[in-house]
Every structure is written in structure tokens, then in C-alpha cells.
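The lines below spell out each chain.
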Amino acid sequence: MKITIDRSGDDVHFVVEREPMSPERFKAVCKLVGTAIGGAVLLGAIHLVGFWAIPWSVGVLVVVGLYKLLVNGF
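Quick notes on the rules
- Residues numbered from 1 in each chain as written.
- Predicted model: local features only at pLDDT ≥ 70, side-chain atom pairs only at ≥ 80, totals over all residues.
- Heavy atoms only, no water.
- Helix = DSSP H or I, 4+ residues; strand = E, 2+ residues; numbered from the N terminus.
- Rg over C-alpha atoms; globule rule 2.2 N^0.38 Å.
- Buried < 20%, exposed > 50% of the residue type's maximum accessible area, 1.4 Å probe, protein only.
- Areas by Shrake-Rupley, 256 points an atom, 1.4 Å probe, with all protein chains shown as cover.
- Lys, Arg positive; Asp, Glu negative; His and termini not counted.
- Charge placed at Lys NZ, Arg CZ, Asp CG, Glu CD.
- Pairing = 2+ DSSP bridges.
- Phe/Tyr/Trp six-rings, centres within 6.5 Å; stacked < 30°, edge-to-face > 60°.
- Expected span 1.5 Å × (residues − 1).
- Axes fitted to C-alpha atoms, helices over the stretch in contact; angles between N-to-C directions.
- Parallel < 35°, antiparallel > 145°, perpendicular 65-115°, else oblique.
- Contact = heavy atoms within 4.5 Å.
- Nonpolar A, V, L, I, M, F, W, Y, C, P; charged D, E, K, R; others polar.

A. Here's a closer look at the overall build of the protein chain. Each helix and strand in the protein chain was counted, giving 2 helices and 2 strands. Taken from N to C terminus, the helices and strands of the protein chain fall in the order β-β-α-α. Against the 2.2 N^0.38 benchmark of 11 Å for 74 residues, the protein chain shows a C-alpha radius of gyration of 23 Å, more extended than a compact globule. Seen along its three principal axes, the alpha-carbon backbone of the protein chain occupies a region of about 65 × 35 × 15 Å. The burial tally for the protein chain puts 1% of its 74 residues in the buried class. Approximately 7,000 Å² of the protein chain is accessible, and the part contributed by carbon and sulfur atoms is 69%. Considering the protein chain, the positive charge centre built from 7 side chains and the negative charge centre built from 6 side chains are found 17 Å apart.

Here it is in C-alpha cells:
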């Protein structure tokens, strides 16, 4: 990471340069954020619908998993 502050007269320029995140770390962060969002949606559905949100969410996960298996092959 490189931070540059340039003061010339009344002008102040602030420049920040940094290396991009590695692809492996980006994928891990995306999975964690996706899991957190999914958990929040599930908790919200349980709060709104009640117990039946749990079996429906499990059923949807099974259907999505089967779809991915059929599209990508075993």
C-alpha cells in the first residue's frame, strides 16, 4: 500500500495505491458474505412465516442442488 500526500500552495492531493485482493481471498469473502445474506434471509423468513420456512428452504436447496448436478453432470 502506498499513500502520497502532495501539498502545493492551497491545493492538497491525496493518492492511495494498493495491490488488488487475490482471487482466492475474493472468492472466500464472497462465500462468507453470501452465507451471511442467506442466513439473514432464512431468519427473516422464519420470523415472517414460522416453522414452515425451514422445510421450504431445505426443499429449495435440494432442487437447486439437483439442477446444478443435472446441468454440470455428475
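B. Representation of the pairing of strand S2 (residues 11-17). Both strand S1 (residues 2-8) and S2 contribute to a ladder of 7 bridges, which runs antiparallel. Residue Thr 4 lies in a different strand from S2, and its bridge partner there is Val 15. Between S1 and S2, which pair antiparallel in sequence order, lie 2 residues; one of them, Gly 9, sits at a positive phi of approximately 70 degrees.

C. Main features of the packing of aromatic side chains. Tallied over the entire structure, the rule returns 1 aromatic pair. Relative to Trp 52, the ring of Phe 51 lies with its centre 5.8 Å away and its plane at 70 degrees, an arrangement referred to as edge-to-face. By relative accessible area, Trp 52 is classed as exposed at 56%.

D. Spatial organisation of helix H2 (residues 53-72). With 20 residues, H2 ought to run about 28 Å at 1.5 Å a step, and its terminal C-alpha atoms sit 28 Å apart, in line with that. With its phi angle positive at about 85 degrees, Gly 73 sits one or two positions after the end of H2.

E. Expanded view of the packing of helix H1 (residues 23-49) against H2. Where H1 meets H2, the axes come as close as 9 Å, and the angle between the chain directions of the two elements is 140 degrees. What the angle tells us is that H1 and H2 run oblique. Between H1 and H2, the contacting residues are Leu 42, Ala 45, Ile 46 and Val 49 on the first element and Ala 53, Ile 54 and Ser 57 on the second. By residue class, the composition of the contact of H1 with H2 is 6 nonpolar, 1 polar and no charged.

It is worth stressing that arrangement in space is one thing and function is another; only the former is reported here.
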